Amino acid sequence: VWKDGKIYQEIPNLANVMGRMEYGKMIAGCAAALTTQTGQIGYLGPLINDETRRLASSAYLGAKYCWTKAGKDPADLKFKVTWIGFWFNIPGFTADPTQVADEFYNGGYDVVLSGIDTTEAMVEADKFAKEGKAVWSIPYDYVGSCEISPDVCLGVPYFNWGPAYLELMTAASKGEFTSSYQWLGPDWSDINNPDTSMVGFVKGNGLAADDAATLDSFIAELAGGLNLWTGPINLQDGTAYLADGEVATDQQVWYLPQLLEGMEGQSVPAQ
């Protein structure tokens, strides 16, 4: 396992599995960019750490890529992250995700991506849509999230832990278990295959048919090797992070120290 650029000895009898949700967030960001009518995308974030920075930034990279590929100026794309302080609402401890979602929708952000584990952004999008406003949402984590408010849901990126867990438990049952760290991406032959894909994306009813086709083309590009973590990429404060043509290492993505240039929002927790 790496940390701070160093390799540490693996712990016997421990397997660590994580999905490369960065791809799911890129797809979500692309869907948001294809749909937004105002050019303003909100991101409802949990707490601030390496994981949440890289996921929010991956969503921005996907949005920026699809926005630009559609012939639009990236300078006209607004992408704002508001953090609540945890993965779900804890009254008196976190900011209220319902209020944050409302502030986005009332402020001209017509698509809100959720980085938290609960569905406040979806619920509020449905409320605003029923009032006649053109708004959408992209939930997170649970494959069935769109069922809550299907007409405003553009889709959902989700983890599928079953295949990796089954492989590890099968190995253990046969006496063949070895310590490992796995950072697993989608099965690009079918990202929604429940038996093989660690990360998937289910399109929602709110995604227009033409945009759904464009999103499929973007997924095919990712499957073909498109890597949005390729320079030039600057950090939020303007510091160069990846030079022109430089491809990020896993460590550079994993330990992303700030949000990216072009994103609005905190990069580090308040002191």
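Anything mentioned here points back to the structure above.
This is a predicted model, so every value here is computed, not measured. (Residues numbered from 1 in each chain as written. Predicted model: local features only at pLDDT ≥ 70, side-chain atom pairs only at ≥ 80, totals over all residues. Heavy atoms only, no water.)

Student: I tried to follow the overall build of the chain on my own but got confused; where do I start?
Tutor: Each helix and strand counted, the chain has 7 helices and 13 strands in total. Looking at the chain as a whole, 48% of its 271 residues qualify as buried. Across the chain, the fraction of contacts at a sequence separation of at least 24, relative to all contacts at a separation of at least 6, is 68%. When the accessible surface of the chain is totalled, it reaches about 12600 Å², and 52% of it is carbon and sulfur. (Helix = DSSP H or I, 4+ residues; strand = E, 2+ residues; numbered from the N terminus. Buried < 20%, exposed > 50% of the residue type's maximum accessible area, 1.4 Å probe, protein only. Contact = heavy atoms within 4.5 Å. Areas by Shrake-Rupley, 256 points an atom, 1.4 Å probe, with all protein chains shown as cover.)

Student: Just to check I follow, could you spell out the packing of helix 1 (residues 21-35) against helix 6 (residues 209-223) for this structure?
Tutor: A pair of packed helices is characterised by two quantities: the angle between their axes and the separation of those axes. Contact geometry of helix 1 with helix 6 gives a least axis separation of 10 Å together with a crossing angle of 150 degrees. Taken as axis vectors, helix 1 and helix 6 run roughly antiparallel relative to one another. The way helix 1 lies across helix 6 gives a crossing that is right-handed. Residue-level inspection shows Tyr-23, Met-26, Ile-27, Cys-30, Ala-31, Leu-34 and Thr-35 of helix 1 in contact with helix 6, the latter providing Asp-211, Thr-214, Leu-215, Phe-218, Ile-219 and Leu-222. (Axes fitted to C-alpha atoms, helices over the stretch in contact; angles between N-to-C directions. Parallel < 35°, antiparallel > 145°, perpendicular 65-115°, else oblique. Left-handed = near helix turned anticlockwise from the far one by under 90°.)

Student: Would you explain the sheet that holds strand 6 (residues 111-114) in this entry?
Tutor: One key point about sheets: their strands pair by backbone hydrogen bonds, in either a parallel or an antiparallel sense. An order of 7-6-4-5-13 is seen for the 5 strands of this open sheet, with the pairing classed as parallel. Edge strands, defined here as strands with exactly one partner in the open sheet, are strand 7 (136-138) and strand 13 (263-264). Against the sheet, helix 4 (residues 120-130) contacts strand 4 (40-45), strand 6 and strand 7, and its axis sits at roughly 165 degrees relative to strand 7. (Pairing = 2+ DSSP bridges.)

Student: Explain helix 6 to me, please; I cannot follow it from the model alone.
Tutor: For an α-helix the count is 3.6 residues per turn, leaving residues at separations of three or four pointing the same way. Taking 1.5 Å per residue as the helical rise, helix 6 with its 15 residues ought to reach 21 Å, and the 21 Å between its terminal C-alpha atoms agrees with that figure. The complete set of buried residues in helix 6 reads Asp-211, Ala-212, Leu-215, Phe-218, Ile-219 and Leu-222. Down the axis of helix 6, the buried side of the element spans an arc of 115 degrees, and every buried residue falls inside it. Among the exposed residues of helix 6, those oriented more than 90 degrees off its buried face are Ala-209 and Asp-210. (Expected span 1.5 Å × (residues − 1). Arc of directions from axis to C-beta.)

Student: Please explain the side chain of Asp-102 as it appears in this structure.
Tutor: Relative to the elements of secondary structure, Asp-102 occurs in helix 3 (residues 97-106). In contact with Asp-102, other than residues within four places in its own chain, are Glu-124, Lys-127 and Phe-128.

Student: Explanation requested: the packing of helix 3 against helix 4 in the structure shown.
Tutor: One way to put it is that helix 3 packs onto helix 4 with a least axis distance of 9 Å and a crossing angle of 45 degrees. Classified by the angle their axes make, helix 3 and helix 4 are oblique. Judged by the sense of rotation from one axis to the other, the crossing of helix 3 with helix 4 is right-handed. Facing helix 3, whose interface residues are Pro-97, Thr-98, Ala-101, Asp-102, Tyr-105 and Asn-106, helix 4 presents Glu-120, Ala-121, Glu-124, Ala-125, Lys-127 and Phe-128. Of the residues assigned to the contact of helix 3 with helix 4, the class counts are 6 nonpolar, 2 polar and 4 charged. (Nonpolar A, V, L, I, M, F, W, Y, C, P; charged D, E, K, R; others polar.)

Student: So what exactly am I meant to see when it comes to the pattern of salt bridges here?
Tutor: Working definition: two side chains of opposite charge can pair if their charged atoms are close together. The tally for this structure, following the rule as stated, stands at 8 salt bridges. Linking Asp-250 and Arg-20 is a salt bridge whose minimum nitrogen-to-oxygen distance equals 3.1 Å. With a gap of 230 residues between them, Asp-250 in helix 7 (residues 250-254) and Arg-20 in the loop between strand 3 (15-19) and helix 1 connect regions that are remote in the sequence. Each of Asp-102, Glu-124 and Lys-127 takes part in a single network of salt bridges with overlapping partners. (Salt bridge = Lys/Arg side-chain N within 4 Å of Asp/Glu carboxyl O.)

Student: What am I meant to see in the packing of aromatic side chains here?
Tutor: One pair of aromatic rings is described through two measures. These are the centre distance and the angle between the planes. Following the criterion strictly, the structure yields 12 aromatic pairs and no others. The structure contains a cluster of three or more aromatic residues connected by ring pairs, namely Tyr-140, Phe-159, Trp-161 and Tyr-165. When the ring centre of Trp-183 is taken as reference, the NZ or CZ atom of Arg-20 above it lies at 4.1 Å. Over the face of the ring belonging to Trp-254 we find Arg-54, whose NZ or CZ atom lies 3.9 Å from the ring centre. (Phe/Tyr/Trp six-rings, centres within 6.5 Å; stacked < 30°, edge-to-face > 60°. Lys NZ or Arg CZ within 6 Å of the ring centre and 35° of its normal.)

Student: Which parts of the structure should I look at to understand the side chain of Ser-57?
Tutor: Looking at where Ser-57 falls in the secondary structure, it is placed in helix 2 (residues 50-69). Within the structure, Ser-57 has its side chain in polar contact with the backbone oxygen of Arg-53 (distance 2.8 Å). Setting aside residues up to four positions removed in sequence, Ser-57 forms contacts with Trp-229, Leu-256, Gln-258, Leu-259, Leu-260 and Met-263. (Polar contact = N/O pair within 3.5 Å; in protein donor to acceptor, adjacent residues only side chain to side chain.)

Student: It is not clear to me how helix 2 should be interpreted in this structure. Could you clarify?
Tutor: With 20 residues, helix 2 should reach 28 Å at 1.5 Å per residue; the first-to-last C-alpha distance of 28 Å fits that figure. With 14 of 20 residues buried, helix 2 is to be regarded as a mostly interior element. Here helix 2 starts with a cap whose side-chain oxygen sits 3.1 Å from the backbone nitrogen of Glu-51, and that cap is Asn-49. Immediately beyond the C-terminal end of helix 2, within one or two residues, lies Gly-71, with a positive phi of roughly 90 degrees.

Student: Is there a simple way to think about the nonpolar core in this case?
Tutor: Nonpolar side chains in soluble globular proteins tend to end up buried together. Among the nonpolar cores identified, the biggest contains 60 residues, and Phe-79, Leu-113, Leu-215, Phe-218, Trp-229 and Leu-260 are the most heavily contacted of them. Excluding anything up to four places from it in sequence, Phe-79 contacts Ile-41, Tyr-43, Ala-56, Ala-59, Tyr-60, Ala-63, Gly-262, Met-263 and Glu-264. Judged by nonpolar contacts, the second largest core, of 14 residues, contains Ile-84, Val-112, Ala-125 and Val-135. (Core = buried A, V, L, I, M, F, W, Y, C linked by side-chain atoms within 4.5 Å.)

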